[in-house]
There are 2 protein chains.
Amino acid sequence: MIYVTGHNPCMVVTGHTSASEPRPVSIRDVAAAAGVSYQTVSRVINGHPSVKPSTRDLVRAAIEDLGFRPNRAARALAGGPVQSVTVLTADTTRYGYRAGLQGIEEAARAAGFAVGIRVLESAEPADIKDAVARATEPGAALIVIAYEKAGVLALSALPPTVAAAAMVGIPEGDEGEGKPWVWLDDRKAAADATRYLLGLGHHTVHYAAIPSPGRVDQRMAGWRSALEAAGAPVPAAVQCGWNPRSGYEAGLALAADPAVTAILGGNDDLALGVMRAMHEAGRAVPGDVSIVGFDDMPEAEFMNPALTTVRQDFARLGRACFATLLRLLDSSAAAPAPWPEPELIVRESAGPARRAGAS
Amino acid sequence: MIYVTGHNPCMVVTGHTSASEPRPVSIRDVAAAAGVSYQTVSRVINGHPSVKPSTRDLVRAAIEDLGFRPNRAARALAGGPVQSVTVLTADTTRYGYRAGLQGIEEAARAAGFAVGIRVLESAEPADIKDAVARATEPGAALIVIAYEKAGVLALSALPPTVAAAAMVGIPEGDEGEGKPWVWLDDRKAAADATRYLLGLGHHTVHYAAIPSPGRVDQRMAGWRSALEAAGAPVPAAVQCGWNPRSGYEAGLALAADPAVTAILGGNDDLALGVMRAMHEAGRAVPGDVSIVGFDDMPEAEFMNPALTTVRQDFARLGRACFATLLRLLDSSAAAPAPWPEPELIVRESAGPARRAGAS
DNA sequence: CTGAAAGCGCTTACAG
DNA sequence: CTGAAAGCGCTTACAG
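Per chain, the residues get numbers from 1 upward, laid out in the order the sequence is written. Whichever chain is written first becomes A and whichever ligand is written first becomes 1, with later ones labelled in order. Where totals are concerned, whole chains, interfaces and linings use all residues; where local detail is concerned, this predicted model gives features only for residues with pLDDT of at least 70, and gives and counts side-chain atom pairs only at 80 or more.

### Some points on the sheet that holds strand S4 (residues 164-168) of chain A
- Strand order in the open sheet made by the 10 strands is S5(A)-S4(A)-S3(A)-S1(A)-S2(A)-S2(B)-S1(B)-S3(B)-S4(B)-S5(B), with mixed pairing throughout. Both outer strands of the open sheet, strand S5 (181-182) of chain A together with strand S5 (181-182) of chain B, are each paired with one neighbouring strand and no more.
- With two bridges joining them, S4(A) and S5(A) adopt parallel strand pairing. Of the residues in S5(A), the one forming a bridge with Ala166(A) is Trp181(A).
- Contact definition: two residues whose C-beta atoms, as placed from backbone geometry, lie within 7 Å. In this analysis, axes come from line fits to C-alpha atoms, helices being fitted only over the stretch in contact, and the angle between any two N-to-C directions falls in the range 0 to 180 degrees. By the criteria applied, helices consist of DSSP H or I runs no shorter than four residues and strands consist of E runs no shorter than two, each listed in order from the N terminus. Contacts from helix H7 (residues 149-156) of chain B reach strand S1 (84-89), strand S3 (141-146) and strand S4 (164-168) of chain B, with the element oriented near 145 degrees to S3(B). A pair of strands is considered paired only if DSSP assigns at least 2 bridges between the two.

### Quick word on the sheet that holds strand S7 (residues 238-239) of chain B
Residues and elements named next belong to chain B.
- Strand order in this open sheet of six strands is S7-S6-S8-S9-S10-S11, and the pairing throughout is mixed. What marks the edges here is a single partner per strand, and that holds for S7 and strand S11 (343-345).
- Sheet topology places strand S10 (residues 308-311) next to S11; three bridges connect them, and they run antiparallel. From the neighbouring strand, threonine 309 faces S11, where its bridge partner is isoleucine 345.

### Comments concerning the protein's contact with DNA strand C
- In this text, near has one meaning. A residue is near a molecule or strand if its C-beta atom, placed using the backbone, is within 6 Å of it. Lining the immediate surroundings of DNA strand C are 26 residues, of which Ile27(A), Ser42(A), Ala74(A), Ala78(A) and Gly80(A) lie closest.
- For the surface near DNA strand C, the secondary-structure elements that each account for two or more residues are helix H2 (38-45) and helix H4 (72-77) of chain A together with helix H2 (38-45) of chain B.
- Among the elements that make up the surface near DNA strand C, the one with the highest residue count is H2(A) (four residues).
- The residue classification treats Ala, Val, Leu, Ile, Met, Phe, Trp, Tyr, Cys and Pro as nonpolar and Asp, Glu, Lys and Arg as charged. All others, Gly included, are polar. A breakdown of the residues in the surface near DNA strand C according to their chemical character gives 11 nonpolar, 12 polar and three charged.

### Some details on the confidence of the model for chain A
- For chain A, mean pLDDT is 90; residues scoring 70 or higher make up 92% of the total.
- A score from 0 to 100, pLDDT tells how confident the predictor is in each residue. This model gives residues 1-21 of chain A a pLDDT under 50, and the stretch forms 33 contacts once residues within four places in sequence are excluded.

### As for the domain arrangement of chain A
Residues and elements named next belong to chain A.
- For chain A, the assigned domains are domain 1 (1-70), domain 2 (84-184 + 314-340) and domain 3 (186-312).
- Counting residues at the interface gives 10 residues for domain 2, matched by 13 residues for domain 3.
- Going through the elements one at a time, helix H5 (95-110) and helix H7 (149-156) are the ones with two or more residues in the side of domain 2 that touches domain 3.
- Per-class residue counts for the side of domain 2 that touches domain 3 are five nonpolar, two polar and three charged. Start and end points for every domain follow an automatic or database-based domain assignment.

### Observations concerning the relation of the copies chain A and chain B
- Least squares is used to superpose the copies, and the fit set is the C-alpha atoms of residues whose pLDDT is at least 70 in both copies. The transform that puts chain A on chain B rotates by 180 degrees and translates by 0.0 Å along the axis, for an RMSD of 0.1 Å. Expressed as an axis order, the relation between the two copies is that of a two-fold axis.
- Of all interface residues in chain A, 97% are interface residues in chain B too; the two copies therefore contact each other through one and the same surface.

### Section: the nonpolar core
- The biggest cluster of nonpolar side chains holds 210 residues, and the ones touching the most others in it are Ile143(A), Ala154(A), Val274(A), Ile143(B), Ala154(B) and Val274(B).
- With residues up to four places along the chain from it excluded, the contact list for Val274(B) reads Ala208(B), Gly247(B), Ala250(B), Gly251(B), Leu254(B), Ile263(B), Gly265(B) and Ile291(B).
- Ranked by size, the runner-up nonpolar core spans 12 residues in total, among them Ala34(A), Val44(A), Ala62(A) and Ile63(A). By our criterion, buried Ala, Val, Leu, Ile, Met, Phe, Trp, Tyr and Cys residues that link up through C-beta atoms within 7 Å make up a nonpolar core. The exposure label follows from counting other C-beta atoms within 10 Å of a residue's C-beta, where the C-beta atoms are placed from the backbone and the thresholds are 20 or more for buried and 12 or fewer for exposed, leaving partly exposed in between.

### A short note on the protein's contact with DNA strand D
- Near DNA strand D there are 26 residues, and of these Ser26(B), Ile27(B), Ser42(B), Ala78(B) and Gly80(B) occur at the shortest range.
- Listed by contribution, the elements that provide at least two residues to the surface near DNA strand D are H2 of chain A together with H2 and helix H4 (72-77) of chain B.
- In terms of residue count, the dominant contributor to the surface near DNA strand D is H2(B) (four residues).
- A per-class count over the surface near DNA strand D returns 11 nonpolar, 12 polar and three charged.

### Here's the deal with the interface of chain A and chain B
- With 65 residues of chain A at the contact, the number on the chain B side is 64 residues.
- Tallied by class, residues from the side of chain A that touches chain B come to 40 nonpolar, 15 polar and 10 charged.
- By the bridge criterion, three bridges tie strand S2 (residues 114-119) of chain A to strand S2 (residues 114-119) of chain B in an arrangement that is antiparallel. Bridge pairing in S2(B) links Gly116(A) to Gly116(B).

### Some points on the environment of Arg72(A)
Residues and elements named next belong to chain A.
- Along the chain, arginine 72 falls in helix H4.
- We classify arginine 72 as buried; it has 22 C-beta atoms within 10 Å.
- Measuring from C-alpha to C-alpha, the distance between arginine 72 and glutamate 301 comes to 44 Å, with 229 residues separating the pair along the chain.

Right, dumping it as structure tokens:
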């Protein structure tokens, strides 16, 4: 049963078909209207070179006239260009993921691609295998967001025949060399943030970590290397989840230690939770403890105190990722723009260390 | 050119096909393996009743064995069940939208549906028409998120032949009667929040409004009706956008008026911006002015002060929306669970009105 | 209950 | 440069 929407002020009408026609206009209708064979119509649709300009124009006019749109299913089945990406991701709502998805969608839409989504429900091999199988439609391309275990596994489980690009963490060594992967320099970002905090006079910096089973957390790596380079002690990182609550819990633990004066959050939500915990524990931010976040989500600037953080432009990265995919499918496509660089955004949540006698 | 991913620890191997086979297994392969005609395979795939149980089992075993998955394109072309929804929406990142999308995706995945996304780039008739045309694939169903002008226009521009459900604002009168639409009771939610503030002793409540061109803002309607019912003055609503910055700007204006002691934000981001503005203007929250948000995004609980807000469960609504769609396609499908009710979550950002001589 | 036929709307060689 | 042919993998009547 098909539902018919009620009153229809903006009803789409092509204006030329005889209103009662139930099926959409096909390549044959266009051919008839233009007075050519339907194969010729196919040629002009696909930009085949050997078509006389005059007949090409004729066909285009008919296409325009009839409001013809090629049937994607038929096209896919016949092995034509499909122009569709499906993004394989473990999440669609967390900041980095949703912003990346937004960028991918924008770029895909601009290129005339349809976009599909498939979320990875777990990192179990069977689930990964199933998700990959379902996402892999014959002519369609894939983008995988490989920011945690499930995504990483999905990326490596891809059949070798599918065109696929990926948003990944910084590859180790030259692993990313020549691969259609894009990434943000999380290591530099974390190091910048850590150095900034150290420069404020803090003895060391603590780190509230985002999850990273099965891969190395480059944010953690950057934090550690900056600490080591400065000869500062390297405290144990506090493992958290992705959301403010886990930051809050980590913050409660950190607040109990009077030696803690500076904390780097693995993302802005974690930083928010940590700030909240400090507040409840009666530790002033940034008076007693300085906090820096990661990503610069739209809320960061309006938190109280306003969150100092390091901006990572996931939307732009998503666009670059799609451009990379397009390049794979069509080597004449424009090269992806340079990937975004991290940028430290100084606001209120971090300040000079107290000149203390202790520690 | 197709890119081949490097080392492949988790390579998906069905284990039965002769490794070098380039094309996926088809209905014919299954038929050959099971010793039946391919039409019979089609019948068991589609759960056709007239198949001898023993041959059904034979075919199923072969399907399992070969790791067969029907080609969606072929299926669509032949007019079979497509099992795909594409969601038409003006946004994928704002809280209500992304949470709704998440719910839709979860339910769709559970039902074996593929999900597509198409974002509406503007409310221009030409763009709406184009987006609807591109989103309307022959056998595929649609869900439109009609929370602002573009979505509302898209919903009314749908061709009558497509199966479509929608997440909408509260319909006027009986317009929503019998339609495959789901909605949250924004009016009640806003009235509850307003009444709560009034109950705290505030003389009246101001409202920072989300955009609503071309439709009535039910949050505003609920706010106004609660004010009127209580005999409180109804101040002009302050028009905002969707993000914290616009709430901040509205907040700056509101902060300049000493008579303002209570504000309802059209969403949590707006409330966050308003709180920030109050803070900068030296007006304590909730000491000088009380603020209540809308939606209860995950960050709300950890803001400073923690945001009192009215929770709207968009993810659950998204699931209900998909269930509604499924019902449309298959009347034997389970009825959608009851829609979520708004729930006032009292935290710290609203408090008793100051016992003042003025006003 | 199960085969053989026809066709979904397209594309890609193959002839002219 | 442009037709006519064959086929993509499936489904739905039509015969048996």
